[in-house]
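Listed below, chain by chain, are the residues.
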Amino acid sequence: MPLSLAYATDFPSFADTVFILPAGTTELPISAAADLPEPARQYVTDQLAAGEKLFGINQYTHRHYYIVAEEKKTADLTAEALRKAGHQLHAKLKADKVPELFINDLTENGALAVAEGLALTAYQFEGYKTDEKSRKAPNLQLLTLISPALTAEKVQELDYLLQSVYLARDLVNMPYSHLNATQLAQRFEQAGEEAGFHVEVLDLVRIEALRMGGLLAVNQGSPEPPTFTIMEYKPEGATNAKPIILVGKGVVYDTGGLSLKPTPNSMDLMKCDMAGSAVVVGVLSALAKNQVPLHVIGLVPATDNRPGGPALAPGDVITMYSGLTVEVMNTDAEGRLILADALAFAKKYEPELVLDYATLTGSAVRAIGVEGIVCMGTASEEVLGQLKQAGNATHERLVEFPLWDEYADHIKSSIADISNLGKAEAGAISAGKFLERFTEGYPWVHFDIAGPAFLTAPDSYRGKGGTGSAVRLTYEFLKKQA
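Reading the values: rules and limits
- Residues numbered from 1 in each chain as written.
- Predicted model: local features only at pLDDT ≥ 70, side-chain atom pairs only at ≥ 80, totals over all residues.
- Heavy atoms only, no water.
- Pairing = 2+ DSSP bridges.
- Helix = DSSP H or I, 4+ residues; strand = E, 2+ residues; numbered from the N terminus.
- Expected span 1.5 Å × (residues − 1).
- Buried < 20%, exposed > 50% of the residue type's maximum accessible area, 1.4 Å probe, protein only.
- Arc of directions from axis to C-beta.
- Axes fitted to C-alpha atoms, helices over the stretch in contact; angles between N-to-C directions.
- Parallel < 35°, antiparallel > 145°, perpendicular 65-115°, else oblique.
- Left-handed = near helix turned anticlockwise from the far one by under 90°.
- Contact = heavy atoms within 4.5 Å.

- Per an unreviewed UniProt entry, the protein goes by the name Leucyl aminopeptidase and belongs to Hymenobacter mucosus.

This is the structure:
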């Protein structure tokens, strides 16, 4: 059972509690020392005087922990330091086998950030181990937040958002043996039922009828059929006249096709190539559960990419849903082919804005590492600025790449409208330039999440494996639009 959040106005005397103290605290406030005997109070005072930022004290019947906030250059970085403090606190709570923790915030707004870092650290993928120890639920089950700056609604909102990040992480962590394109669509249907948004799944026959040439071409070598899922959240009183559309790459497993990937440390991680689709369903779940008054549609083309049978071959020319022809120079540049069909399909909704998410290029990872998300697009500077602000607020930071006209030369083809492969340089940009050709008629932003979507080593509260990166960023942005 995943960790959950609750709100309270006070905490019991004998409860495991963490006190969040203002930056620069050198003396324990009375409100945080009421039940401490003198020796314990002196210990805490000594720790504060020594500049300790995180420590605890065992009172036998219960434990007190103390986090001292750090004053950073910006409020966003101050909040991130508290998330990381929540991550560090989790190790102590785990060692102490604490089942429930009260978070008593003596700063203005630290409780949500600490709870966020704690809860994201506490995430565990259920997995497939069968021994009893591995199946045992973690001790920590509940965080109860106490702060004059909070309401029960604010805490519930964060709880629903974290549940949606958990959903995204679960999907990314699931192997292809348990999550083919059909099973992914079924997971979307289940999420829609739980959160309250409509889901329609198009099967192979309907995809063929629509002539989605990119999705069908990538699917040619697979024994499993593709799916195209349309998820719609349209609450009464939505503040936007035209929908905002989220598009997610759903390559549930990628061998590279006939342009076979090298292995190890490449193909064995490719269960995560559908992380873009996980972002879409995660965001829709958070919006629906929190009843954000915004009309949002999610589109997910899904398939695996295999070299079997009549697989797409390098040099082939395919006709896309939009009517454009593409010379396929590399079958491992498949994500842009299925995204392109979805982006062209999005035009029928006359959208206000389209955002797409994909683990698209190794070039993005090489450029900025796993610390941020590459973005680019045709949306206004105002929209891109708002997205960057949301990225800073959630510490899912964005680095904008250019889409200058000259980059169109990178994807020229001598026999088709465009090629699916650019030059050796600027690979993330040429992929974005390819997608741009299918986004006529609406403003659009592309997010290449190849770096942070799946981590091979633990990184603070992002953990190891699927991170759910871009769910919190996008929710923060969309909430402001409403």
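## Observations regarding the sheet that holds strand β12 (residues 317-319)
Logical step 1: Pairing is mixed across the open sheet formed by three strands, whose spatial order is β12-β13-β17. Only two strands of the sheet have a single neighbouring strand rather than two, namely β12 and β17 (418-419).
Logical step 2: Two elements, strand β13 (residues 325-327) and β17, share two bridges in a ladder whose sense is parallel. Its bridge partner being in β17, E327 is matched across the sheet by S419.

## Looking at helix α1 (residues 38-49)
Logical step 1: Spanning twelve residues, α1 covers 16 Å between terminal C-alpha atoms, matching the ideal 16 Å at 1.5 Å per step.
Logical step 2: Where α1 is concerned, the buried positions are A40, V44, Q47 and L48. Angular distribution of buried residues about the axis of α1 spans 100 degrees; they occupy a single face of the element. The outward face of α1, more than 90 degrees from its buried face, is lined by the exposed residues P39 and A49.
Logical step 3: At the C-terminal side of α1, G51 shows a positive phi close to 85 degrees.

## Concerning unusual backbone geometry
Logical step 1: A cis amide bond links T263 to the next residue, P264, at an omega of 15 degrees.
Logical step 2: Its location among the elements puts P264 in the loop between β10 (250-254) and α9 (275-289).
Logical step 3: Although it is not a glycine, E350 adopts a positive phi angle of roughly 50 degrees.
Logical step 4: Mapped onto the elements of the fold, E350 is located in the loop between α10 (335-346) and β14 (353-358).
Logical step 5: Backbone geometry at S460 places phi at a positive 50 degrees, although glycine is not the residue there.

## Comments concerning the packing of α9 against helix α14 (residues 471-481)
Logical step 1: Where α9 meets α14, the axes come as close as 9 Å, and the angle between the chain directions of the two elements is 45 degrees. Looking at the two axes, α9 sits oblique to α14. In this structure, α9 crosses over α14, and the sense of that crossing is right-handed. Residue-level inspection shows V279, G282, V283, A286 and L287 of α9 in contact with α14, the latter providing V471, T474, Y475 and L478.

## Things to note about the pairing of strand β3 (residues 54-58)
Logical step 1: Pairing between β3 and strand β4 (residues 63-68): five bridges, direction antiparallel. Residue pairing in the sheet places F55 in a bridge with Y66 of β4.

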